[in-house]
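Listed below, chain by chain, are the residues.
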Amino acid sequence: MSDLYTYTATFKNTKNRYLKYFCNYPPSKWSFTDYELHFKDKALKVLKRIYLNNLKTVKANSKNIPEEVNKFINELLESFEPEPSSSSAATVNNIKVFNPG
């Protein structure tokens, strides 16, 4: 079976219930949508910051993270990165219109 359905983070004795979520559920339940449904006590912006910080903590401190799970964590984190601005690469064309009249 895939590690995304069996692995759980290992943080013993943590009192941080937002971090403990990653210990109680497998990565298949680590989407922000699942996290948000579980924790309804914070504003969305605050909860998103908590989620990202704790996901980074899991990535940095959990021992023996399977490669598949590590890749999945990276994908989750990347999904919150802002899209590159297309306006910075925009090219403006100068067009001259002549009115022959």
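In this text the structure is predicted, and so the values were computed from the model without any measurement.

J.: Just to check I follow, could you spell out the overall build of the protein chain for this structure?
T.: When you go through the protein chain residue by residue, the secondary structure sums to 5 helices and 0 strands. The linear arrangement of helices and strands in the protein chain, starting from the amino end, is α-α-α-α-α. Out of the 101 residues belonging to the protein chain, those deemed buried represent 32%. Put simply, 46% of the contacts in the protein chain that link residues at least 6 apart link residues at least 24 apart. With the model as given, the accessible surface of the protein chain reaches about 7,700 Å², and the carbon-plus-sulfur share is 51%.

J.: Sorry if this is basic, but what is going on with the packing of aromatic side chains here?
T.: In this description, an aromatic ring pair is defined by two values, namely the gap between the centres and the angle between the planes. Here the structure, examined in full by the defined rule, presents 14 aromatic pairs. For the ring pair Tyr21 and Phe22, a centre distance of 5.7 Å and an interplane angle of 85° mean the geometry is edge-to-face. Looking at Tyr21, the relative accessible area reads 4%, which means it is buried. One aromatic cluster in this structure is built from Tyr7, Tyr18, Tyr21, Phe22, Tyr25, Trp30, Phe32, Tyr35, Phe39, Tyr51 and Phe80.

J.: I tried to follow the packing of helix H2 (residues 17-24) against helix H4 (residues 44-61) on my own but got confused; where do I start?
T.: For the pair H2 and H4, interaxial distance at closest approach is 9 Å and the crossing angle is 55°. As summarised for this structure, H2 and H4 are arranged oblique, according to the angle between their axes. In the crossing of H2 with H4, the sense of the turn from one axis to the other is right-handed. Residues Tyr18, Leu19 and Phe22 of H2 touch H4, and the partners they reach there are Leu47, Ile50, Tyr51, Asn54, Leu55, Thr57 and Val58. Here the residues of the contact of H2 with H4 sort into 8 nonpolar, 2 polar and no charged.

How each quantity is defined
Every chain is numbered independently, its residues counted from 1 as its sequence is written. For a predicted model such as this one, the threshold for reporting local features is a pLDDT of at least 70, and the threshold for listing and counting side-chain atom pairs is 80 or more; totals across whole chains, interfaces and linings nevertheless cover every residue. Only hydrogens and water are set aside; all other atoms, that is, all heavy atoms of the structure, feed into the side-chain values. In this description a helix means any DSSP run of H or I spanning at least four residues, a strand means any run of E spanning at least two, and both kinds are numbered starting from the N terminus. Partly exposed residues are those whose accessible area sits between 20% and 50% of the maximum for their type, while under 20% is buried and over 50% is exposed, using a 1.4 Å probe and protein chains only. Between two residues, a contact is recorded if the distance between any of their heavy atoms is within 4.5 Å. Here the open area of atoms and residues is found with the Shrake-Rupley method and a 1.4 Å probe, where only the protein chains shown may cover a residue. By convention, a stacked pair of Phe, Tyr or Trp rings (six-membered ring in the case of Trp) has centres within 6.5 Å and planes under 30 degrees apart, an edge-to-face pair has planes over 60 apart, and any other such pair is tilted. Axis geometry follows a simple rule: fit a line to the C-alpha atoms, using only the stretch in contact for helices, then measure angles between N-to-C directions, giving values from 0 to 180 degrees. Angle categories: roughly parallel below 35 degrees, roughly antiparallel above 145, roughly perpendicular from 65 to 115, and oblique for all the rest. In a left-handed crossing the near helix is turned counterclockwise from the far helix by less than a right angle, and in a right-handed crossing that turn is clockwise. Residue classes follow a fixed rule: Ala, Val, Leu, Ile, Met, Phe, Trp, Tyr, Cys and Pro count as nonpolar, while Asp, Glu, Lys and Arg count as charged, and any other residue, Gly among them, counts as polar.

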